[in-house]
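Read off the chains here:
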Amino acid sequence: MLRECSFEEVYFQNFQYFEAIDQMKEIKEQFIPFHSADLGEEEAQAAADVIRSKWLTMGPKTIDFEQRFASYVGAKHAIGVSSCTAALHLALEAIGLKQGDEVLVPTTTFTATAEVVAYFKAKPVLVDVDVESLCIDLEDAERRITAQTRAIVPVHFAGQPCDMDAIHDLASRRELRVIEDAAHSLPASYKGARVGALSELTAFSFYATKTLTTGEGGMVTTDNEDLAIRMRMMRLHGIGRDAWKRYSAEGSWYYEVMDPGYKYNLTDIQSAIGIVQLGKCDQMNAARREISSRYTERFLKERALEVPTVRADRDSSWHLYVLRLNLDELKITRSQMIEELRARGVSTSVHFIPLHMHPYYQKAYGYQEGEFPVATEQYHRYLSLPIFPQMTSMQVDYVIDSVLDIVAINRR
Ligand SMILES: Cc1ncc(COP(=O)(O)O)c(C=O)c1O
């Protein structure tokens with residue numbers, strides 16, 4: 001039997017109910033994603049146009065995107081591929097990497113940078129990072145060079161270009177090929193030249209969270225025609241040039257397989273989105289720069305925090321805003337900071353768990369934490385704050401206030 005409730009009880013229960021709803025609404029409103037892609041009607045229209053054209057896979061849009069991309073970064077050739085991982089793999093294949101070779105890779109990166117080396121049964125030789133930029137430490141890299149070392153893959157961490165003059169100097173002295181992992185660094189520049197036009201080979205990512213996105217996708221740039229021809233062929237099954245045209249009016253049914261290639265091509269749907277995104281690239285970068293300078297301006301004065309810096313001779317894409325904690329000033333760890341921010345509706349991430357801390361790299365190559373003191377120590381201090389072009393001024397302020405509030409409460 002139902003018990004009758006007094007007016008006061010009903011009122012109180014409803015009051016609690018509405019209060020809970022208000023709290024939920026507040027949390028939802030305050031929820032700040034780590035990333036949100038800057039995609040709109042234009043991209044939707046471009047993708048829809050390709051669907052209506054019925055040419056869905058690699059075709060005229062991909063060629064158009066490749067040409068625009070090459071001219072944007074200042075490279076002779078740009079080859080559209082399905083991911084940055086594919087781009088790095090094709091680049092290593094094009095330079096003729098073989099079983100038993102070694103490739104220098106910073107330990108503070110995503111596994112893709114090193115896993116592609118393992119595809120060849122070659123060894124990814126992990127290298128410690130520079131404490132300021134978190135890019136590859138070239139003194140440590142040089143110490144790790146052996147007679148088997150063939151290449152170096154610098155990662156432009158968070159979007160700031162590495163010290164490319166020093167990398168090219170090391171590469172030419174020790175006869176190494178340079179393949180830049182530019183997954184984070186579109187658009188970025190070093191001494192006035194865009195990343196993509198600095199080295200023999202550069203690999204970009206258009207993954208969903210990147211500064212230009214096609215959902216999944218990538219591009220590899222080079223000025224070397226032979227490498228470009230090889231990569232174009234190997235991205236599509238090792239079939240001779242322009243095989244994708246074989247289903248078009250001007251195409252032919254005849255093709256030749258020259259090598260066992262890969263299925264790494266970019267589609268026209270992705271490329272159509274990429275063309276629109278490329279047109280907004282500078283504008284999206286300006287928005288990121290604005291957010292990063294607002295973060296830095298407020299965090300700079302707080303001694304429990306260390307802000308990211310960009311050297312005077314380069315421009316960052318600001319793909320990530322990596323804040324470091326001065327842990328001896330705080331009663332909480334980096335992980336607790338992340339939890340506190342999450343409780344306030346701010347989503348963050350960590351870039352990266354260094355490769356030498358992962359079971360695969362430890363088991364396969366015997367790497368240990370003590371071998372990479374800088375990367376290991378810095379890993380415990382950093383977190384990546386939300387940064388995306390459409391982030392509102394209120395959201396930026398909310399993130400700043402949340403970080404500073406947590407610091408104030410947890411000061412040692
Ligand atoms: C430094 C770095 N390299 C390579 C990749 C791989 O990119 P993709 O997902 O396009 O293969 C990533 C992805 O996050 C990355 O951060």
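One structure accompanies this document, and this report is about it. (Residues numbered from 1 in each chain as written. Predicted model: local features only at pLDDT ≥ 70, side-chain atom pairs only at ≥ 80, totals over all residues. Heavy atoms only, no water.)

## Examining helix α9 (residues 268-279)
- Its twelve residues give α9 an end-to-end C-alpha distance of 17 Å, which sits within 8% of 16 Å, the value for a rise of 1.5 Å per residue.
- Summarising burial for α9: ten of the twelve residues are buried, a large majority.
- Here α9 has its buried residues at Asp268, Gln270, Ser271, Ala272, Ile273, Gly274, Ile275, Val276, Gln277 and Leu278.
- Those residues of α9 that are buried are in contact with α2 (41-53), α3 (60-73) and α10 (281-299). (Helix = DSSP H or I, 4+ residues; strand = E, 2+ residues; numbered from the N terminus. Expected span 1.5 Å × (residues − 1). Buried < 20%, exposed > 50% of the residue type's maximum accessible area, 1.4 Å probe, protein only. Contact = heavy atoms within 4.5 Å.)

## Topic: the site of the ligand
- Near the ligand lie 16 residues; those nearest to it are Cys84, Thr85, Asp181, Ser205 and Lys210.
- At 2.5 Å from an oxygen atom of the ligand is found a side-chain nitrogen or oxygen belonging to Thr85.
- Within the contact set of the ligand, an oxygen atom lies 2.7 Å away from a side-chain nitrogen or oxygen of Ser205.
- Across the complex, the protein chains shield 91% of the 390 Å² of accessible surface that the ligand would expose by itself.
- Along the lines of polarity and charge, the residues of the shell around the ligand split into seven nonpolar, seven polar and two charged. (Near = heavy atom within 4 Å. Polar contact = N/O pair within 3.5 Å; in protein donor to acceptor, adjacent residues only side chain to side chain. Areas by Shrake-Rupley, 256 points an atom, 1.4 Å probe, with all protein chains shown as cover. Nonpolar A, V, L, I, M, F, W, Y, C, P; charged D, E, K, R; others polar.)

## Concerning the packing of aromatic side chains
- Counting across every chain of the model gives 17 aromatic pairs.
- For the ring pair Phe65 and Phe206, a centre distance of 5.5 Å and an interplane angle of 45 degrees mean the geometry is tilted. Placement of Phe65 in helix α3 and of Phe206 in the loop between β8 (201-205) and β9 (218-222) is noted, with a sequence separation of 141 residues between them. In this structure, Phe65 and Phe206 share a single accessibility class: buried.
- Residues Trp253 and Tyr254 carry aromatic rings whose centres are separated by 5.7 Å and whose planes lie at 90 degrees to one another, so their mutual orientation is edge-to-face. With respect to class, Trp253 is no different from Tyr254; both count as exposed. (Phe/Tyr/Trp six-rings, centres within 6.5 Å; stacked < 30°, edge-to-face > 60°.)

## Some details on the pattern of salt bridges
- Inspection of every chain in the model, using the stated rule, returns 29 salt bridges.
- In this structure, Asp101 and Arg150 form a salt bridge, with 3.2 Å as the shortest nitrogen-oxygen distance. Of this pair, Asp101 sits in the loop between α4 (84-94) and β2 (102-106) while Arg150 sits in strand β4 (residues 149-152), and the two are 49 residues apart along the sequence.
- A salt bridge links Glu132 to Arg311; its shortest N-O distance comes to 3.3 Å. Of the two residues, Glu132 sits in the loop between β3 (123-127) and α6 (138-143) while Arg311 sits in the loop between β10 (305-306) and β11 (314-315), which places them 179 residues apart along the sequence.
- For Arg311, a relative accessible area of 35% corresponds to the partly exposed category.
- Each member of the salt-bridge network shares a partner with another, and the members are Asp140, Arg143, Arg144 and Glu371. (Salt bridge = Lys/Arg side-chain N within 4 Å of Asp/Glu carboxyl O.)

## Let's talk about the environment of Arg230
- Within the element layout of this structure, Arg230 appears in helix α8 (residues 225-234).
- Along the primary structure Arg230 and Leu138 are separated by 92 residues, whereas in three dimensions their C-alpha atoms are 30 Å apart.
- Those residues within four positions of Arg230 in sequence are excluded, and the remaining contacts are Glu93, Ala94 and Asp259.

## Let's talk about the sheet that holds strand β6 (residues 189-190)
- Strand order in the open sheet formed by three strands is β7-β6-β11, with antiparallel pairing between adjacent strands. The open sheet has two free edges, formed respectively by β7 (193-194) and β11, since each of these has just one partner strand.
- Of the pairings in the sheet, the one linking β6 to β11 comprises two bridges and is antiparallel in character. Following the sheet pairing, Ser189 is matched in β11 by Asp315. (Pairing = 2+ DSSP bridges.)

## Focus: the nonpolar core
- Phe65, Phe69, Ile152, Phe204 and Met231 are the most contacted members of the largest nonpolar core, which has 86 residues in total.
- Among the elements that make up this core, the one with the highest residue count is α4 (eight residues).
- Looking at which domains feed residues into this core, each of domain 1 (41-279) and domain 2 (281-409) gives three or more.
- The residues contacting Ile152, other than those within four sequence positions of it, are Leu104, Ile136, Leu138, Ile167, Leu170, Leu176, Arg177, Val178 and Ile179.
- Formed by 28 residues, the second largest nonpolar core is a distinct cluster that contains Ile291, Leu305, Leu383 and Val399. (Core = buried A, V, L, I, M, F, W, Y, C linked by side-chain atoms within 4.5 Å. Domains from an automatic or database assignment.)

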